[in-house]
Amino acid sequence: MKKTILFIVSILFFSNIFSQTSWKYEYYKTINHKNYKTYTMFNSKFDFSNPDIPLLNATLLFMTNEIRVEKKLLPLEYAQELEIMAYQHAKRMSDKNFFSHEDNTSKSRKTTSDRANLAGIENPYIAENIAYSSFDEGKSYYEIAKILIDMWMNSKGHRENILSEKALQGACGVFINGDLIYGVQNYQWFYKIVQSSGTDELPLEK
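Thresholds applied
Residues numbered from 1 in each chain as written. Predicted model: local features only at pLDDT ≥ 70, side-chain atom pairs only at ≥ 80, totals over all residues. Heavy atoms only, no water. Phe/Tyr/Trp six-rings, centres within 6.5 Å; stacked < 30°, edge-to-face > 60°. Helix = DSSP H or I, 4+ residues; strand = E, 2+ residues; numbered from the N terminus. Buried < 20%, exposed > 50% of the residue type's maximum accessible area, 1.4 Å probe, protein only. Core = buried A, V, L, I, M, F, W, Y, C linked by side-chain atoms within 4.5 Å. Axes fitted to C-alpha atoms, helices over the stretch in contact; angles between N-to-C directions. Parallel < 35°, antiparallel > 145°, perpendicular 65-115°, else oblique. Left-handed = near helix turned anticlockwise from the far one by under 90°. Contact = heavy atoms within 4.5 Å. Nonpolar A, V, L, I, M, F, W, Y, C, P; charged D, E, K, R; others polar. Expected span 1.5 Å × (residues − 1).

1. Let's talk about the packing of aromatic side chains
Reasoning step 1: Across all of its chains, the model carries 19 aromatic pairs by this definition.
Reasoning step 2: Arranged with centres 6.3 Å apart and planes meeting at 55°, the rings of Y87 and F175 form a pair that is tilted. With Y87 in helix α3 (residues 80-96) and F175 in strand β3 (residues 167-177), this pair connects stretches of sequence that are 88 residues apart.
Reasoning step 3: What makes Y87 buried here is its relative accessible area of 10%.
Reasoning step 4: Relative to Y132, the ring of F99 has its centre 4.9 Å away and its plane inclined at 65°; by these criteria the two rings are edge-to-face.

The structure is reproduced here in structure tokens:
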């Protein structure tokens, strides 16, 4: 009887995920580069007036891992701290109108190591990809993510980061300003993240 009840609960849980149209951080436990394309939320239309930023962040990570696995590399382990620093840097590039790996508008955020510390990473060994582009209405989360990933894959340095054997953990962060999307990828190389206290936060779930 207990097994039957557990089986029914499991079916209800996975049915609920399949029907979802917004991202919840708990989904990183069950959705990955192998199965994300089967979920309708990734093919839903991106609404610039009400974007699901965590969903686009997740799409970018899964697509990155899909590419890595195709190249016989291990997939990146999702690290929330890296998503925090990626999102915060994307937001500041938009807010402060600059495009650089260095944030010269803030002494506490100038380098990737500075931003990693604020995100709660004690031992940062960070690689970073950045991009921005304008987008037309009507594209899906998957289509927007593919455009950003293609931009990085068509750039030698960014491609090397995506395909680095040194990278162990990763996450992406985007920020929306009108029809512009600022995207950041952060990777932790060599050693897995040692967590510390940080002051920065993630974008809110919808």
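2. Some points on the nonpolar core
Reasoning step 1: In this structure, W23, I31, F42, L56, L60 and I181 are the most contacted members of the largest nonpolar core, which totals 61 residues.
Reasoning step 2: For this core, the elements supplying multiple residues, two or more each, are α2 (53-70), α3, β2 (126-134), α5 (141-153), β3 and β4 (180-189).
Reasoning step 3: It is α2 that contributes the most residues to this core, nine residues altogether.

3. A closer look at the packing of α2 against α5
Reasoning step 1: α5 packs onto α2 with a crossing angle of 50° between their chain directions and a minimal axis gap of 9 Å. Judged by the inter-axis angle, α2 sits oblique to α5. Crossing of α2 against α5: the hand is right-handed. Taking contact as the criterion, the partners of L55, L56, T59, L60, M63, T64 and I67 in α2 are, on α5, Y141, Y142, I144, A145, K146, L148, I149, W152 and M153.
Reasoning step 2: Class assignment of the residues belonging to the contact of α2 with α5 gives a composition of 13 nonpolar, two polar and one charged.

4. Focus: α3
Reasoning step 1: End to end, α3 covers 24 Å across 17 residues, agreeing with the expected 24 Å (1.5 Å per residue, within 8%).
Reasoning step 2: Buried residues dominate α3, accounting for 13 of its 17 residues.
Reasoning step 3: Positive backbone phi, at 60°, marks N97, one or two positions downstream of α3.

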